2 protein chains.
Amino acid sequence: MSQAFRLKQAIEDAVIAGEFQPGDRLDEASLAERFGVSRTPIREALLQLGAEGFIDVRPRRGAIVSVPSPTRLFEMFETMAEIESACGRLAARRLTPDNDAAMEAAHRACETAARNGDSEQYYADNRNFHEAIYRASRNSFLADQAFALHKRLSAYRRIQLRARNRLLQSLQEHAGILEAIRAGDEQLAATRLHDHVLVQGERFSDMVLGLSPAGQSPAEGRRETAK
Amino acid sequence: MSQAFRLKQAIEDAVIAGEFQPGDRLDEASLAERFGVSRTPIREALLQLGAEGFIDVRPRRGAIVSVPSPTRLFEMFETMAEIESACGRLAARRLTPDNDAAMEAAHRACETAARNGDSEQYYADNRNFHEAIYRASRNSFLADQAFALHKRLSAYRRIQLRARNRLLQSLQEHAGILEAIRAGDEQLAATRLHDHVLVQGERFSDMVLGLSPAGQSPAEGRRETAK
DNA sequence: GATATGCGAATTGTATGCAAGATAGGAAAT
DNA sequence: ATTTCCTATCTTGCATACAATTCGCATATC
């Protein structure tokens, strides 16, 4: 496949992994050197990531990893909550044995990770659990949207999951979500997923706002990434 | 601003206006000539549009305007329905006088267009009405998502609105939506918006499926735009 | 001392050239 | 007549070169 697409993946992964943090500059020359290519495919990758909202490409002023304001971040979590609850609603309506099994497996993996207090592992398994729900909606377009937003938020979600006791609470919420989907209760599934996601957003916002005056928050002193 | 961004807009507009139809090839050389620039900014514009899902950029094989399969198209409308109903739910919860007035104005414009049977005008005013609802959600990120998907679907929506009597029915549904939002009834607003949007998707799918064997449907003989 | 101004260096935006893969058309073989 | 294979042509992908703008920093001015 073309370089530009591979580079797009590579840069995106680096951002998700936290190697480039929000606000970091992504200058074309050093990326080109790092990956051993010319600036052209780098530019193409950056522009694509910019179009997906992953990074912020400012004309003539270079690209930076997006730095959503606390408000924007809350809006993103709220949107994620709405999209996930839509997935849950459809999953409750259309659940198949395959999708049920996939969710069950992911849930068990989360359980193990939570029992071991392994938050890195839980982070990965949690992602699988949510992705299983996206797929269970049996609407691949909606699922793609959910994946994309989930990825964009992953940097913030990871931080959030480190909070004390959050793992066990998250796990319990997962159980409740699964139960509602299995019961075919669309409304309950939607509500539970909505709250599950939004609580993360709210906690994160609290954390950002709470820490902001004192310590270093990820968004501190940086501007909104308005379009 | 840079050429690439202007070109992106220009090409997107041309697609929305129907100048380039689904399946049409967007070859770099002719676009470059048409806009009087080199291939470089054209490529950059195309890749951005590809990342937004507007067109389909196939490595080494050029870009075409996306051709969603009927299934995919239905999924897109279903997703639109979920996103719009989320906007409606939030709008019902958070309505301000400003947003109320904006929706009212857009609704009146639709009314006039519908009375005159001017479907082109209604198409434009309908868009304004829906965008007013997106804004009334007071979640600018969610609203952006809604705008983007609305744009992607506009080609199909336009065809749909030409259907007989659809204008008047659409207008009545708008009235019901407004009423629910004003009453602060989140559930009702969400349901009405959901149905309003999905009915379009269903009708369109019916149309595509019905016409497909006989006449020329937009998607006829073309492949899914899978990623 | 603080603010404005201008210059040099660094970075981005666009054009052009070339290499490699895709496509179409025809010739050869079955 | 149909299929397969080969070649000529076209198109895309990447590198390089150059132009245009921004940014940092020193100097000048109030």
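Preceding block: the structure.
Residues numbered from 1 in each chain as written. Chains lettered and ligands numbered in written order. Predicted model: local features only at pLDDT ≥ 70, side-chain atom pairs only at ≥ 80, totals over all residues. Heavy atoms only, no water.

1. So, the protein's contact with DNA strand D
Here is step 1: With respect to spatial proximity, 18 residues lie near DNA strand D, and among them Gln 3, Ser 38 and Arg 61 of chain A together with Arg 43 and Arg 60 of chain B are the closest.
Here is step 2: Expressed as a percentage, the sugar and phosphate content of the atoms of DNA strand D within 4 Å of the protein is 71%.
Here is step 3: Within the backbone of Gln 3 of chain A, a nitrogen or oxygen atom sits 2.3 Å from a phosphate oxygen of DNA strand D.
Here is step 4: A distance of 2.7 Å is found between a phosphate oxygen of DNA strand D and a side-chain nitrogen or oxygen belonging to Arg 61 of chain A.
Here is step 5: Those elements that provide at least two residues to the surface near DNA strand D are helix H1 (3-16) and helix H3 (39-51) of chain A together with helix H3 (39-51) of chain B.
Here is step 6: Per-element accounting of the surface near DNA strand D gives the leading share, 3 residues, to H3 of chain A.
Here is step 7: The class makeup of the residues in the surface near DNA strand D is 4 nonpolar, 5 polar and 9 charged. (Near = heavy atom within 4 Å. Polar contact = N/O pair within 3.5 Å; in protein donor to acceptor, adjacent residues only side chain to side chain. Helix = DSSP H or I, 4+ residues; strand = E, 2+ residues; numbered from the N terminus. Nonpolar A, V, L, I, M, F, W, Y, C, P; charged D, E, K, R; others polar.)

2. Describing the protein's contact with DNA strand C
Here is step 1: Residues in close proximity to DNA strand C total 18 residues, the closest being Arg 43 and Arg 60 of chain A together with Gln 3, Ser 38 and Arg 61 of chain B.
Here is step 2: Among the atoms of DNA strand C close to the protein, meaning within 4 Å, 67% are from sugar or phosphate groups.
Here is step 3: Contact distances for DNA strand C include 2.4 Å between a phosphate oxygen and a backbone N or O atom of Gln 3 of chain B.
Here is step 4: Taking Ser 38 of chain B, its main chain carries an N or O atom lying 2.6 Å from a phosphate oxygen of DNA strand C.
Here is step 5: Going through the elements one at a time, H3 of chain A together with helix H1 (3-16) and H3 of chain B are the ones with two or more residues in the surface near DNA strand C.
Here is step 6: When grouped by side-chain class, the residues that make up the surface near DNA strand C number 4 nonpolar, 5 polar and 9 charged.

3. So, the packing of aromatic side chains
All names here are of chain B.
Here is step 1: Tallied over the entire structure, the rule returns 2 aromatic pairs over all chains.
Here is step 2: With a centroid separation of 5.6 Å and 75° between ring planes, the pair formed by Tyr 134 and Phe 147 is classed as edge-to-face. Here Tyr 134 is found in helix H6 (residues 119-136), whereas its partner Phe 147 is found in helix H7 (residues 140-161), with 13 residues between them in sequence. (Phe/Tyr/Trp six-rings, centres within 6.5 Å; stacked < 30°, edge-to-face > 60°.)

4. A short note on the interface of chain B and chain A
Here is step 1: Contacts between chain B and chain A engage 30 residues on the former and 30 residues on the latter.
Here is step 2: Across the chain B to chain A interface the summed buried area is about 3,000 Å²; carbon plus sulfur atoms make up 51%.
Here is step 3: Residue Glu 82 of chain A is joined to Arg 89 of chain B by a salt bridge in which the shortest nitrogen-to-oxygen separation is 2.9 Å.
Here is step 4: The interface formed by chain B and chain A holds 18 residue pairs in polar contact (both at pLDDT 80 or more) in total.
Here is step 5: For the side of chain B that touches chain A, the secondary-structure elements that each account for two or more residues are H3, helix H4 (70-94) and H7 of chain B.
Here is step 6: When its residues are assigned to classes, the side of chain B that touches chain A shows 12 nonpolar, 6 polar and 12 charged. (Contact = heavy atoms within 4.5 Å. Buried area = accessible area lost by both parts, 1.4 Å probe. Salt bridge = Lys/Arg side-chain N within 4 Å of Asp/Glu carboxyl O.)

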